[in-house]
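Structural overview
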Amino acid sequence: MDWFPLLNSIRIALISTVIIFFVGIFSAYYIAKAPRLVKGVLDVILTLPLVLPPTVVGYLLLRVLGPKRIIGAWFLENFDLKLTMTWWSAIFATTVVIFPLMYRTARGAFESFDETLAYSAQSLGLSNSYIFWRVRMPYCRQGILAGTVLAFARALGEYGATSMLCGYTPGRTATISTTVYQLWRTNDDGLAFQWVMVNLAISFVVLLAVNMLEKKNGKKGGI
Amino acid sequence: MSLYVDIEKNWGSFHLKVKFEAGDETISLLGASGCGKSLTLKCIAGIETPDKGKIIVDGVTLFDSDKKINLSPQERRTGLMFQNYALFPNMTVLQNIRAGAKREKDAQKRNNMVQSVMESFGLSEFANRYPHQLSGGQQQRVALARILVSSPRILLLDEPFSALDSHLRFKLEREVRHVIREFGKTVVLVSHDRDEVFRMSDSIAVMDAGRIERIGSRGAVFADPQTRKGAILTGCKNVSSIERLENGQLWATDWDMVLTVQNALLDVTAVGVRMKTIRPGPGENGYRCRVVEEIENPFSYTIMLEPLNSKCTVPIGWELLKKDWEILRADEVGIHIPTEAVLLLRDK
């Protein structure tokens, strides 16, 4: 069995989760503080990828990143770089698809934050960055961790947008989900089943991790 | 003068407009919830920004809308304590205190400060506990220690005792009074509890709907609250509207009683009588009354009375010791209200 799809899926999921961890948290933090109207509008736009079919996300991404489209053409001309059909093209797809998961859970966590902690900290003379990293983030740790794990799991299983942006090339762009589809399509039922089991095992471990995180937090009195 | 506040702020339909000063003393803002007392405190701490005005603490201008001065909460050095104490839940007691000492840049000095405050507040044995492992009283002690180690110019206490049971509250009030004495500078206390306010403060500002209704020494404010709201907030349960009679007497319309009072100015529109100041037997402003209801308290009775043959719409309450009522108990009793016991109030 060629393990490339597993490796490829994991590196795509890891990189996009790291990116979305920061982007999601910072947008959640600033949008949670925004005026109501701005918040409402941004919320709709940023949550959209969660409800759109992944093929629609893939289509829209191709509209801008494709070799003949505005951004894609610019990169091709200036850097001789094709943004589609490489293994890392999938990162564009997964980041867009998992962003709402991170953003929404982080925002929920920030909104439940007890602002009196921040006010007290400010009065004690603690800097705003100290307050963010040492008070606000630890307080919201549970929600943020849950969001991160969910985002990672979703990135690992992304199929629609990924297959549109980087297709299926064995040993180059194949991920677990595109491999399963390809194997099933070519009647290689045995191998398809093996990959399905691999995917199930990973999902199982991830969900177990989420549950254990929640339990641990529950015991410590909801810190 | 260590604190000068003169600010205005519009908050939706709520309009805050307060002006007061205080020396090295404890001043309390007394008011019902939503009167603007906590908002005032937040404006002093720099968490909320007033629309205009001036805030000066210890000669340092914290806020001045004309001169465009608006110090950050960090630069203001106001020791702000919330009702829930706002201890950082992810840090131990020691880490919380250390966080409070961060303004001191010299590590040696900082350690000494932390050490001495841990000892003087008796926190050494809890050093490695987390806030949720402490009782309410211990949490309050940590919060105070954390504030004092940050060397504030002023203490701002927002409802410091309302999260506590009454027996603990009494004990902690004594501790906090001690801390305040040691601190020796201006303390602003926000509370809705008149007894607590009276015990804790030198002066009192009674607030209602974003304004200060009455300000003065605690004795003066309780003896002469001047407004209907002030009377109610300082615990006067009997308040009635009045009509002025030609002979200078006041007719308390709710109780249907005509009262002789000491020089009532023309703007007086209501009177108040504290339940404990009513006296038994004949005398000035004497009435025979029917007992409408007898309410038993742990150590006293509250007797609701209505003058005989009157058009009284709201009975007047009289509180007296159990042993006294047990002697006087009857369906009809004679009472009188000494003229100096009648509080003359404005509505406004």
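**Topic: the overall build of chain A**
Scanning chain A from N- to C-terminus turns up eleven helices and zero strands. Its helices and strands taken in sequence order, chain A reads α-α-α-α-α-α-α-α-α-α-α from the N to the C terminus. With respect to the principal axes defined by its C-alpha atoms, chain A has extents near 65 × 45 × 30 Å. Evaluated residue by residue, chain A yields a buried proportion of 43% over its 223 residues. In chain A, the proportion of contacts linking residues at least 24 apart, taken out of those at least 6 apart, comes to 72%. Working note: accessible area of chain A is about 11800 Å², and carbon and sulfur atoms make up 68% of it. Both charge centroids of chain A, one from 20 positive and one from 11 negative side chains, sit 5 Å from each other.

**Considerations on the overall build of chain B**
Within chain B, the regular secondary structure consists of ten helices and 21 strands. Judged by the C-alpha coordinates and their principal axes, chain B covers about 80 × 50 × 30 Å. Taken over 348 residues, chain B has a buried fraction of 50%. A fraction of 63% describes how many contacts in chain B between residues 6 or more apart in sequence connect residues 24 or more apart.

**Brief notes about the interface of chain B and chain A**
Taken together, the contact pairs 22 residues of chain B with 21 residues of chain A. Taken together, both faces of the contact between chain B and chain A bury some 1900 Å²; the carbon and sulfur share is 65%. On the chain B side of the contact with chain A, Gln74(B), Phe88(B) and Asn90(B) bury the most area, a combined 27% of that side's loss. On inspection of chain B and its partner chain A, the count reaches seven residue pairs in polar contact (both at pLDDT 80 or more). Elements with a minimum of two residues in the side of chain B that touches chain A: helix H2 (73-76), strand E7 (78-81), helix H3 (93-100) and helix H5 (136-149) of chain B.

**Some words on the sheet that holds strand E21 (residues 342-345) of chain B**
Residue and element names in this part refer to chain B. In spatial order, the strands read E14-E13-E12-E15-E21; together these five strands make up an open sheet with antiparallel pairing. Looking along the sheet, the strands with just one partner apiece sit at the ends: strand E14 (257-259) and E21. On average, adjacent strands in this sheet sit at an angle of 35 degrees to one another, irrespective of strand direction. Pairing between strand E12 (residues 238-244) and strand E13 (residues 250-252): three bridges, direction antiparallel. By the bridge assignment, Ile 242 is partnered in E13 with Ala 252.

**Focus: a positive patch on the surface**
Where like charges cluster on the molecular surface, the positive patch consists of Arg134(A), Arg98(B), Lys102(B) and Lys105(B). Turning to its location among the elements, Arg98(B) is positioned in helix H3.

**Topic: the pattern of salt bridges**
For the structure shown, the criterion picks out 21 salt bridges over all chains. Salt-bridge contacts for Arg199(B) lead to Glu173(B); the nearest nitrogen and oxygen are separated by 2.7 Å. Taken as a pair, Arg199(B) in helix H7 (residues 194-200) and Glu173(B) in helix H6 (residues 166-183) lie far apart in primary sequence, 26 residues in all. With a relative accessible area of 36%, Arg199(B) lands in the partly exposed category. Among the salt bridges present, the one from Arg228(B) reaches Asp347(B), with a minimum N-O distance of 2.6 Å. Of this pair, Arg228(B) sits in helix H9 (residues 228-233) while Asp347(B) sits in the segment after E21, and the two are 119 residues apart along the sequence. The class of Asp347(B) is partly exposed, set by a relative accessible area of 32%. When salt bridges with common partners are traced through the structure, they connect Lys39(A), Asp43(A), Arg104(A), Arg107(A) and Glu111(A) into a single cluster.

**What about the nonpolar core?**
Ranked by internal contacts, the top residues of the largest apolar core, which has 112 residues, are Phe110(A), Phe88(B), Ile97(B) and Leu123(B). Residues within four places of Phe88(B) in sequence aside, it is in contact with Leu117(A), Ala121(A), Leu124(A), Leu126(A), Val135(A), Asn96(B), Ala99(B), Pro131(B) and Arg146(B). Ranked by size, the runner-up nonpolar core spans 25 residues in total, among them Val268(B), Val271(B), Ile278(B) and Ile335(B).

Cut-offs applied
Residues numbered from 1 in each chain as written. Chains lettered and ligands numbered in written order. Predicted model: local features only at pLDDT ≥ 70, side-chain atom pairs only at ≥ 80, totals over all residues. Heavy atoms only, no water. Helix = DSSP H or I, 4+ residues; strand = E, 2+ residues; numbered from the N terminus. Buried < 20%, exposed > 50% of the residue type's maximum accessible area, 1.4 Å probe, protein only. Contact = heavy atoms within 4.5 Å. Areas by Shrake-Rupley, 256 points an atom, 1.4 Å probe, with all protein chains shown as cover. Lys, Arg positive; Asp, Glu negative; His and termini not counted. Charge placed at Lys NZ, Arg CZ, Asp CG, Glu CD. Buried area = accessible area lost by both parts, 1.4 Å probe. Polar contact = N/O pair within 3.5 Å; in protein donor to acceptor, adjacent residues only side chain to side chain. Pairing = 2+ DSSP bridges. Axes fitted to C-alpha atoms, helices over the stretch in contact; angles between N-to-C directions. Patch = residues over 30% accessible without salt bridge, like charges linked within 9 Å, V, L, I, M, F, W, Y side chains within 5 Å. Salt bridge = Lys/Arg side-chain N within 4 Å of Asp/Glu carboxyl O. Core = buried A, V, L, I, M, F, W, Y, C linked by side-chain atoms within 4.5 Å.

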